[in-house]
Amino acid sequence: MNPLILKGIRENLRLKHLVAAGLFSLIVCSTLYLTAYLNGSEGKWDRDPITNDWVKSESSPVNGARNAFTFLLALQGFYLMFLGTGRVASITAEERESGLLDYQHMTPMNPLSKIAGYIFGIPAREYYMFFFTLPFLGHAILVGKLPLANIIQLYSVFFCSVILYHLTAHAVGLVVPKPRAASWVSRIVVLGLYVVLPGLGQAGISFLSFLTILPTYFGKILPILQRDGIEKSSRSVYETKITDFWQDVPFFNLTISPTTFTFLMQGLLILTLLVTGYRKWKNQSLPALSKASAFVIFFIFQFLLLGCLWTFFDKGEASGLIGQEFSANSFKGREDNMIGGLILVISIFFSLSLLFILCLVNICCPNRHLYLKGIQRVAKFNLPRIPRTADESSGLGFSLILGLINLFTYSALINLTLNSDFWVLGSSFLSLCIIPAAILFLTICYLQASREQWFNLGFWGFIGLLWITPLLASLVLGVGWGEENIGVILKLLAINPLSIIPIHWISENSEMIGLPQNLSQDFNSAILFGLLIAGLFAIILQARLFYLRKK
Amino acid sequence: MIQVEDLKIHYGEFVAVDNLSFSVKKGSVFGLIGPNGAGKTTTIKAIATLIEPTYGEIKLGDTSVLHEPEEARSMLGYMPDFPPVYDDLRVDEFCDLFAHAYGQSATERKEKVDLALAQTDLTDKRRDLCKSLSRGMKQRALLAKSLVHDPSVMLLDEPGANLDPKARIDMRNLLRKLADQGKTILVSSHVLTELEDLCDEIGIMRNGKMVVCGSLDEITQSKHTQRTLEIELLKSFPELPQWVEQHATLSGLKETNESKTHFQIIHSGSREEVPEILSQMIGLGVEVTSFTTRKSKVEDLFLEIESGSSSFDQDS
């Protein structure tokens, strides 16, 4: 057995823990399950369509078991996804703080065995508590007559998600330099990755929804949990919509089952986290991702974005509950609203891509310390320069290639939109591409230069000041003096490159939207101002970096 | 066995270790001494593969720590300056975890764990939870854990810091025994007298640099080193302070009793001058009953270096 899993079992499952955790799980699970089961199995009062009298239907154990299944699943998720994730993050952070992780770094175990040891050993007690829910699960499946194939699909995705969450918590513990911050960061990351991003999935970028078990639950389980004897037509509209929605996933012109897509999505993230964990266990001072692995991950990310948005830009069909609301079909004859949906989706696409690039620049571009290390090694080994793929090499080329990949995806979507029969745009391919491309590359230039000349505080402080402060200032101005200062507000917004796409697209389609002439000019000035600021920062910071390195 | 060459370690702008070079012979004990922030722990962590140096080379025998870290790790036993242990593991389970992680079979593990616990005098405590141990006991449990995979190089950061006097003597004897068995030991400590008796060689660090390095005899017999002359007179000699003031290599006259017959004088010249000083004193009419040269101790050296003595700065 893996020594670290054995350690986890020894630490967490001594006799007193076995008794306490077992009893706790048994009491909570039996209370929850029996309550839900008894409540569900009772006959429901309903009006008789003939006599119009209230009659109570017969009690049904099948309905009881089906009703209890969801509660049981929630309890299992609470044990493994909530308690387990928290424990992995906090123990990894604690061991890092105390120095115990150093001992493990020094053992000759394979890094992947160490990762497995941590993510399966630390939550040993949570797995043990989960074990006590299994008899109830067996009862729910047998009595509720739930199809085994669907249950197997659900639990495969469930365990895949559990591993993903635990791996995220572990990777955060290994990567975040300040141990106390690690537990907070892991909570924020888990919340952001698996709650906020899936929310964006509802706005059309469907692949983001597949970071959780919900698509499989809604697609494969909810339909089989309907009360016995109730016709499909009598279900609530929302229930039907949500069930129908998750049956398949549009991807380019294909449809993929939600379970397969969840495995694909979570597999990509697991791969990323494993690469990070492997590198960090191999050598603590290595960046979380190498430049090559960052390329591969960014490329897959862009491919997934393109695949999910394909049908929206091609046929005007958005997936997601919100997405469907702004699909082209919903706005037949109302072009101003149609363009609004399009701007929202393209803005989300651009923002997600740029934020991803920001993360990769932060991870893969060397800070001054790492670059200096590279220079000294080059001198030692008499090399002409630092190899381009080395962690120590300058990240300018790397960042620009990320920008090119992003620009390629963006142009593909624009091309698709312009050739589509569903969208009507008042602008050309070039006019929609040039400004975003310029902003993208100038932003990448200053991000890379600032990352490579400052340490964490300087870099994030700079990004915070440049991207967040103008947004906050524009908010205050907008609330207090909105009408008379619209030009200033737009200029402040344009400093943040994430705002450029909506500003540019509104400006490009101002006639279609019916924007007044003077307001349209404000939009144009804001774009030029945004370009000017990005250009200035790119030139100044690149020149400063060049000077520092020369020195 | 351990070779450190031109080691540089930067933490951002701060230079923690600057051009450090030293070597440790196989089967010997090398002591790193220095004030807080001198770079001792950083150096030990770099040798332990836990910090990647900015520049330089570290070798364990023919193995490069930087280029073959996995191989280097199998040769290393490491004990940090404070004793973190897995609180909820028993002492034998704690040692077994590491024997297991180093790939030993169940039978081999049992044998090695028993031996390590016996060596560190923890056999009676083997079933105790680590959290119930005192700091000193935790330190011993850590040493036991470091011994289970039979490393050829041991890195011990402040090993005696939490031990009572008896345990400290036991630890010193154990480390000496391990060195005699052929293990190479690099130890850092603030308990300087402890290193004097334990180490074959010492290196004194300040501000990330090695100020002086060598065997104790080499260092303390160095011609630049100060020594204390302890002098006892039959009766007081009032002109002695003036004579000391006029003497170029003598300073710091200190009376150590009220009757002014016991003195200590600092001599900073060469060893060969010492008999000449005695004969000069007798020539002056001083009735000397005892004249002793106290060899400069490591602690004196350490204090001298910590205070920034120029003679060492010149040497370095």
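Note that the structure is predicted; figures quoted are calculated from it, not measured.

### Thoughts on the overall build of chain A
Here comes step 1: Within chain A one finds 23 helices and four strands.
Here comes step 2: By the burial criterion, 42% of the 551 residues in chain A qualify as buried.
Here comes step 3: Taking contacts inside chain A between residues at least 6 apart in sequence as the whole, the part at least 24 apart equals 75%.

### Some details on the overall build of chain B
Here comes step 1: Assigned secondary structure in chain B consists of twelve helices and 14 strands.
Here comes step 2: A buried classification covers 40% of the 316 residues belonging to chain B.
Here comes step 3: Put simply, 68% of the contacts in chain B that link residues at least 6 apart link residues at least 24 apart.

### Description of the domain arrangement of chain B
Here comes step 1: For chain B, the assigned domains read domain 1 (2-220) and domain 2 (227-295).
Here comes step 2: Domain 1 of chain B and domain 2 of chain B are separated by 44 Å when their C-alpha centres are compared.

### A word on the sheet that holds strand 5 (residues 63-64) of chain B
Residues and elements named next belong to chain B.
Here comes step 1: Ordered in space as 2-1-4-5, the four strands form an open sheet in which the pairing is antiparallel. Strand pairing shows two members of the sheet lacking a second neighbour, strand 2 (14-24) and strand 5, which therefore form its edges.
Here comes step 2: In the sheet, strand 4 (residues 55-60) pairs with strand 5 via two bridges, with the strands oriented antiparallel. In the sheet register, Lys59 faces strand 5, and the bridge partner there is Ser64.
Here comes step 3: Here helix 1 (residues 40-47) sits on the sheet and contacts strand 1 (2-11), strand 2 and strand 4; the angle it forms with strand 1, its principal contact strand, is near 115°.

### Observations regarding the environment of Pro258(A)
Residue and element names in this part refer to chain A.
Here comes step 1: Within the secondary structure, Pro258 sits in helix 12 (residues 258-282).
Here comes step 2: C-beta crowding within 10 Å serves as the criterion here: with 25 such atoms nearby, Pro258 is assigned to the buried category.
Here comes step 3: In this structure, the C-alpha to C-alpha distance between Pro258 and Lys220, residues 38 residues apart in sequence, is 8.5 Å.

### Structural notes on unusual backbone geometry
Residue and element names in this part refer to chain B.
Here comes step 1: With a phi close to 60°, Asp121 is a non-glycine residue in the positive phi region.
Here comes step 2: Among the secondary structure elements, Asp121 is positioned in the loop between helix 4 (106-119) and helix 5 (135-147).
Here comes step 3: Its 15 C-beta neighbours within 10 Å are what place Asp121 among the partly exposed residues.
Here comes step 4: Phi at Asn207 takes a positive value of approximately 50°, unusual for a residue other than glycine.
Here comes step 5: Looking at the element boundaries, Asn207 is found in the loop between strand 9 (201-206) and strand 10 (209-215).

### What to know about the interface of chain B and chain A
The figure often quoted for interface size is the accessible area lost as the parts come together.
Here comes step 1: Taken residue by residue, the interface counts 26 residues in chain B and 22 residues in chain A.
Here comes step 2: Of all the elements, helix 3 (residues 91-101) of chain B adds the most residues to the side of chain B that touches chain A, at five residues.
Here comes step 3: Among the residues making up the side of chain B that touches chain A, the classes are represented as 14 nonpolar, seven polar and five charged.

### Here we look at the nonpolar core
Here comes step 1: One finds Leu309(A), Ile346(A), Tyr446(A), Ala494(A) and Ile503(A) to be the most contacted residues of the largest nonpolar core, which totals 104 residues.
Here comes step 2: Setting aside chain neighbours within four positions, we find Tyr446(A) in contact with Ala534(A), Phe537(A), Ala538(A) and Leu541(A).

### Some words on helix 2 (residues 15-41) of chain A
Residue and element names in this part refer to chain A.
Here comes step 1: In this model helix 2 runs 37 Å from its N-terminal to its C-terminal C-alpha over 27 residues, within 8% of the 39 Å that 1.5 Å per residue would give.
Here comes step 2: Listed as buried for helix 2 are Ala21, Ser25, Cys29, Tyr33, Ala36, Tyr37 and Gly40.
Here comes step 3: For helix 2, the secondary structure elements touched by its buried residues are helix 3 (61-98), helix 6 (124-131) and helix 7 (134-143).

### Structural notes on the environment of Leu175(B)
Here comes step 1: Mapped onto the secondary structure, Leu175(B) falls in helix 6 (residues 165-180).
Here comes step 2: Put simply, Leu175(B) and Leu155(B) are 20 residues apart on the chain and 11 Å apart in space, counted from C-alpha to C-alpha.

### As for the sheet that holds strand 14 (residues 288-294) of chain B
Residue and element names in this part refer to chain B.
Here comes step 1: On the basis of which strands lie adjacent, the open sheet formed by four strands has the order 12-13-11-14 and antiparallel pairing. Two strands in the sheet have a free side with no partner beyond their single neighbour: strand 12 (250-255) and strand 14. For this sheet, the mean inter-axis angle between neighbouring strands, taken without regard to orientation, is 20°.
Here comes step 2: By the bridge criterion, four bridges tie strand 12 to strand 13 (residues 262-267) in an arrangement that is antiparallel. In the sheet register, Ser251 faces strand 13, and the bridge partner there is Ile266.

### Here we look at the packing of helix 3 of chain A against helix 7 of chain A
All names here are of chain A.
Here comes step 1: The geometry of helix 3 relative to helix 7 is characterised by a closest axis approach of 8 Å and an angle of 140° between their N-to-C directions. Looking at the two axes, helix 3 sits oblique to helix 7. As for how helix 3 packs across helix 7, the hand of that crossing is left-handed. Contact residues: Pro61, Val62, Ala65, Ala68, Phe69 and Leu72 in helix 3; Phe136, Leu137, His139, Ala140 and Val143 in helix 7.
Here comes step 2: Across the contact of helix 3 with helix 7, the residue classes tally to ten nonpolar, one polar and no charged.

### Describing the packing of helix 8 (residues 148-175) of chain A against helix 12 of chain A
Residues and elements named next belong to chain A.
Here comes step 1: For the pair helix 8 and helix 12, the least separation of the axes is 9 Å and the interaxial angle reads 25°. Looking at the two axes, helix 8 sits roughly parallel to helix 12. The handedness of the crossing between helix 8 and helix 12 comes out as left-handed. Together, Gln153, Val157, Cys160, Ser161, Ile163, Leu164, Leu167, Thr168, His170, Ala171, Leu174 and Val175 of helix 8 and Thr259, Thr262, Phe263, Gln266, Leu269, Ile270, Leu273, Thr276, Gly277 and Lys280 of helix 12 make up the contact between the two elements.
Here comes step 2: In terms of residue class, the contact of helix 8 with helix 12 is made up of twelve nonpolar, nine polar and one charged.

### Remarks on the confidence of the model for chain B
In low-pLDDT segments, the atomic positions of the prediction should not be examined closely.
Residue and element names in this part refer to chain B.
Here comes step 1: Taken as a whole, chain B shows an average pLDDT of 82; of its residues, 89% reach a score of 70 or greater.
Here comes step 2: Under a pLDDT of 50 for its full length, residues 312-316 has, in the predicted model, eight contacts with residues more than four places off or in other chains.
Here comes step 3: The ipTM value of the predicted complex is 0.72, and its pTM value is 0.76.

### Topic: helix 13 (residues 291-315) of chain A
Residues and elements named next belong to chain A.
Here comes step 1: The end-to-end C-alpha distance of helix 13 is 36 Å, a good match for the 36 Å that 25 residues give at a rise of 1.5 Å each.
Here comes step 2: Roughly 45° is the biggest bend found in helix 13, and it falls at Leu309.
Here comes step 3: Looking one or two places after helix 13, you find Gly316, whose phi comes out positive at around 75°.

### A short note on the pairing of strand 1 of chain B
Residue and element names in this part refer to chain B.
Here comes step 1: Sheet topology note: the strand 1/strand 2 ladder contains seven bridges and is antiparallel. Bridge pairing in strand 2 places Leu7 opposite Leu20.
Here comes step 2: Note that strand 1 and strand 4 share five bridges and pair antiparallel. In the sheet register, Lys8 faces strand 4, and the bridge partner there is Tyr55.

### Topic: the environment of Leu155(B)
Residue and element names in this part refer to chain B.
Here comes step 1: Looking at where Leu155 falls in the secondary structure, it is placed in strand 7 (residues 153-157).
Here comes step 2: What makes Leu155 buried here is the crowd of 26 C-beta atoms within 10 Å.
Here comes step 3: When neighbours within four sequence positions are excluded, Leu155 is seen to be in contact with Ile44, Ile47, Ala48, Leu76, Tyr78 and Leu186.

Reading guide: rules and limits
- All residue numbers here refer to positions counted from 1 along the written sequence of the relevant chain.
- As they are written, the chains are lettered A onward and the ligands numbered 1 onward, keeping that order.
- Totals for whole chains, interfaces and linings use every residue, but because this is a predicted model, local features are given only for residues with pLDDT of at least 70 and side-chain atom pairs only at 80 or more, for both listing and counting.
- Helix and strand labels come from DSSP, where a helix needs a run of H or I of at least four residues and a strand needs a run of E of at least two; each type is numbered from the N terminus.
- Here exposure depends only on C-beta density: within 10 Å of a residue's C-beta, 20 or more other C-beta atoms make it buried, 12 or fewer make it exposed, and intermediate numbers make it partly exposed, the C-beta atoms being placed from the backbone.
- Two residues qualify as a contact pair if the distance between their C-beta atoms, derived from the backbone, is within 7 Å.
- Domain start and stop positions are those given by an automatic or database domain assignment.
- Two strands pair if DSSP finds at least two bridges between them.
- An axis is simply a line fitted to the C-alpha atoms; with a helix, the fit covers only the stretch in contact. Between two such axes, the angle follows the N-to-C directions and lies from 0 to 180 degrees.
- Asp, Glu, Lys and Arg are counted as charged, while Ala, Val, Leu, Ile, Met, Phe, Trp, Tyr, Cys and Pro are counted as nonpolar; the rest, among them Gly, fall into the polar class.
- A set of buried Ala, Val, Leu, Ile, Met, Phe, Trp, Tyr and Cys residues, joined to one another through C-beta atoms within 7 Å, is what we call a nonpolar core.
- Multiplying 1.5 Å by the residue count of a helix minus one yields the expected span of that helix.
- Reported orientations rely on four angle classes, namely roughly parallel under 35 degrees, roughly antiparallel over 145, roughly perpendicular from 65 to 115, and oblique for the rest.
- Each crossing is labelled by how the near helix is turned from the far one, with a counterclockwise turn of less than a right angle marking it left-handed and a clockwise turn marking it right-handed.
- The predictor attaches a confidence to each residue, and that confidence, scored 0 to 100, is pLDDT.
- Note on bend: at a given residue it equals the angle between the axes fitted to the 7 residues ending there and to the 7 starting there.

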